[in-house]
Amino acid sequence: EQGVLLVTKEASESKKKIPPELPKNLPKECPSVIVDPETGVRYRRGRLLGKGGFARCYEVIQMDTKRAFAGKVVNKQRISKPNQRAKMQREIAVHCQLRHPNIVAFHKHFDDEENFYIILELCSQKSLAQILKLRRCFTEPEVRYFVLQIIDGLRYLHNSCVIHRDLKLGNMFLTENMEVKIGDFGLATKVEFEGDEKRTMCGTPNYIAPEVLDKVGHSFEADVWAIGCILYTMLVGRPPFETESLKETYTRIKRTSYSFPSHLSQAAKELITDILTSKPENRPSLDEIASHKFFTGGFVPDALSPSACHSTPEFGV
Ligand code: ADP
């Protein structure tokens, strides 16, 4: 700690962000070889893929099979509160039961003294949020390609009685060959019986639906709302209700107040308008969305080149 205090003004400015006080028990770095204590299976830790709220995600290689996975590592000290642990346990309980080509596959979970580990299917092209940032917006054929896969994954989730509750571009992961996988089940919940309306949620979804804001009870339709927001964001380059302040954004969501830029096609505008309607029961079903003329009336690529991560693809040239 003294070392920090003795840094000169110049040095501290050039280094920036030196904490005034170092934490007493710095969490240990994740080990370079991760061992599942139950099975003895070993994973070699590779490059850091990204950081989330509590997790660090690394590329890991299972040492006996040489298979590559994504290893989500959560330090136990960082989630010491009972509700934080409960949330992670729920995420694991929901995610580990799911198996579908458009859902990030859950491989294993275990823990040691320091950390919880979740071993997941590797999505090496990262998320649609990161790609959209580089691309600014996607072409309609790309949006059809991505969103039809998201709908397939979501249809499976809903048929499994799971509401995701935080569908957003940052939770849509892409594999090496550009298949879309829905991930991050941190806010997901299981519908236990018919008419089981959820009223509470710990955490704030990105594309929050009006009925979730109003706390009047929400269900699968909140995910459909998020699909509308995803469509808009992919085609326009920014979210439909984005403003400088969260309060203003919430007001706009409750009033369904948003507008379209002129370059959007009629079919895209119609579909988004159908989905972003304040009464959940008036929103289209996933099948109705997939059979809308936005999807059926235009070109849908069978596959997408990874070059689409940084530059606009040209179709049919
Ligand atoms: P948190 O639940 O703490 O927000 P995330 O699940 O969002 O953590 O993961 C954090 C980051 O790790 C993501 O933004 C992404 O960059 C990366 N990541 C997560 N899962 C995978 C995966 N299956 N494959 C590749 N990268 C991933």
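Residues numbered from 1 in each chain as written. Predicted model: local features only at pLDDT ≥ 70, side-chain atom pairs only at ≥ 80, totals over all residues. Heavy atoms only, no water.

Asks: Mind showing me how you'd approach unusual backbone geometry here?
Replies: It is generally the case that most residues other than glycine have a negative phi and that most peptide bonds are trans. In this model, aspartate 184 sits at a positive phi of 55 degrees, which is unusual for a non-glycine residue. Structurally, aspartate 184 can be placed in the loop between strand E9 (180–182) and strand E10 (189–190). By relative accessible area, aspartate 184 is classed as partly exposed at 30%. One non-glycine residue, threonine 256, lies in the positive phi region at around 45 degrees. Under the relative-accessibility criterion, threonine 256 is labelled partly exposed at 24%. (Helix = DSSP H or I, 4+ residues; strand = E, 2+ residues; numbered from the N terminus. Buried < 20%, exposed > 50% of the residue type's maximum accessible area, 1.4 Å probe, protein only.)

Asks: Even after reading the chapter, I still don't get the side chain of glutamine 149, so can you show me in this structure?
Replies: Here glutamine 149 shows up in helix H5 (residues 140–159). Contacts of glutamine 149, omitting those with residues within four sequence positions, involve Asn102, Met178, Glu179 and Val180. (Contact = heavy atoms within 4.5 Å.)

Asks: Would you take a moment to explain the pattern of salt bridges for this structure?
Replies: Two side chains bearing opposite charge may form a pair once their charged atoms approach each other closely. Considering all chains together, one arrives at 14 salt bridges under this definition. A salt bridge links arginine 155 to aspartate 287; the nearest nitrogen and oxygen atoms lie 2.8 Å apart. Of this pair, arginine 155 sits in helix H5 while aspartate 287 is found in helix H10 (residues 286–290), placing the two residues 132 residues apart along the sequence. Residue arginine 155 is classed as partly exposed on the basis of its relative accessible area, which comes to 24%. A salt bridge links aspartate 214 to lysine 254; the nearest nitrogen and oxygen atoms lie 3.6 Å apart. Of the two residues, aspartate 214 is situated in the loop between helix H6 (210–213) and helix H7 (221–236) and lysine 254 in helix H8 (residues 246–254); the sequence distance between them amounts to 40 residues. Assessed through its relative accessible area of 41%, aspartate 214 is described here as partly exposed. Here the residues in one salt-bridge network are Asp152, Arg155 and Asp287, joined through shared partners. (Salt bridge = Lys/Arg side-chain N within 4 Å of Asp/Glu carboxyl O.)

Asks: Even after reading the chapter, I still don't get the side chain of asparagine 171, so can you show me in this structure?
Replies: As for its position among the elements, asparagine 171 is in the loop between strand E7 (162–163) and strand E8 (172–174). For asparagine 171, the side chain forms a polar contact with the main-chain oxygen of aspartate 166, separated by 2.9 Å. The contact partners of asparagine 171, leaving out residues within four places of it in the chain, are His164, Asp166, Lys181, Ile182, Gly183 and Asp184. (Polar contact = N/O pair within 3.5 Å; in protein donor to acceptor, adjacent residues only side chain to side chain.)

Asks: Help me out: how do you make sense of empty space enclosed by the protein in this one?
Replies: Sizing a probe to match a water molecule and rolling it over the atoms shows the empty space that remains. The full count for this structure, using the stated rule, is one cavity of 30 Å³ or more. Along the walls of the largest cavity sit 13 residues, with Arg165, Pro205, Tyr207, Ala209 and Ala222 positioned nearest its centre. Residue contributions to the lining of the largest cavity peak at three residues, all from H7. Broken down by class, the residue content of the lining of the largest cavity amounts to nine nonpolar, one polar and three charged. (1 Å grid on protein atoms, 1.4 Å probe; cavity = no way out; pocket = protein on both sides within 12 Å on 5 of 7 lines; lining within 4 Å. Points joined across faces, edges and corners; volume = space filled by probe spheres on them. Nonpolar A, V, L, I, M, F, W, Y, C, P; charged D, E, K, R; others polar.)

Asks: Help me out: how do you make sense of H5 in this one?
Replies: For an α-helix, the turn length of 3.6 residues means that residues three or four places apart are oriented alike. Look at H5: 28 Å from first C-alpha to last across 20 residues, which is about the 28 Å you get at 1.5 Å a residue. A large share of H5 lies buried, amounting to 14 of its 20 residues. (Expected span 1.5 Å × (residues − 1).)

Asks: Whenever I open this one, the confidence of the model for the protein chain confuses me. Can you help?
Replies: As a note on interpretation, predicted positions should not be read in detail where pLDDT is low. Across the protein chain, pLDDT averages 90, with 91% of residues at or above 70. Predicted complex metrics record ipTM = 0.95 and pTM = 0.89. (pLDDT = per-residue confidence, 0-100.)

Asks: Quick question: what am I supposed to make of the packing of aromatic side chains here?
Replies: Geometrically, a pair of aromatic rings is defined through the distance of the ring centres and the angle of the planes. Counted under the stated rule, the structure contains twelve aromatic pairs. A centroid spacing of 5.6 Å and a plane angle of 10 degrees characterise the contact between tryptophan 225 and phenylalanine 241, whose relative ring orientation is stacked. Of this pair, tryptophan 225 sits in helix H7 while phenylalanine 241 sits in the loop between H7 and H8, and the two are 16 residues apart along the sequence. Summarising the burial analysis for this pair, tryptophan 225 and phenylalanine 241 share the class buried. Both rings, one in tyrosine 258 and one in phenylalanine 260, keep their centres 5.3 Å apart while their planes meet at 85 degrees; by these two values the pair is edge-to-face. These aromatic residues form a ring-pair network of at least three members: Trp225, Tyr232, Phe241, Tyr258 and Phe260. For the cation-ring pair, lysine 76 lies above phenylalanine 116, with the distance from its terminal atom to the ring centre recorded as 5.1 Å. When the ring centre of phenylalanine 294 is taken as origin, the NZ or CZ atom of arginine 144, which lies over that ring, is 5.1 Å away. (Phe/Tyr/Trp six-rings, centres within 6.5 Å; stacked < 30°, edge-to-face > 60°. Lys NZ or Arg CZ within 6 Å of the ring centre and 35° of its normal.)

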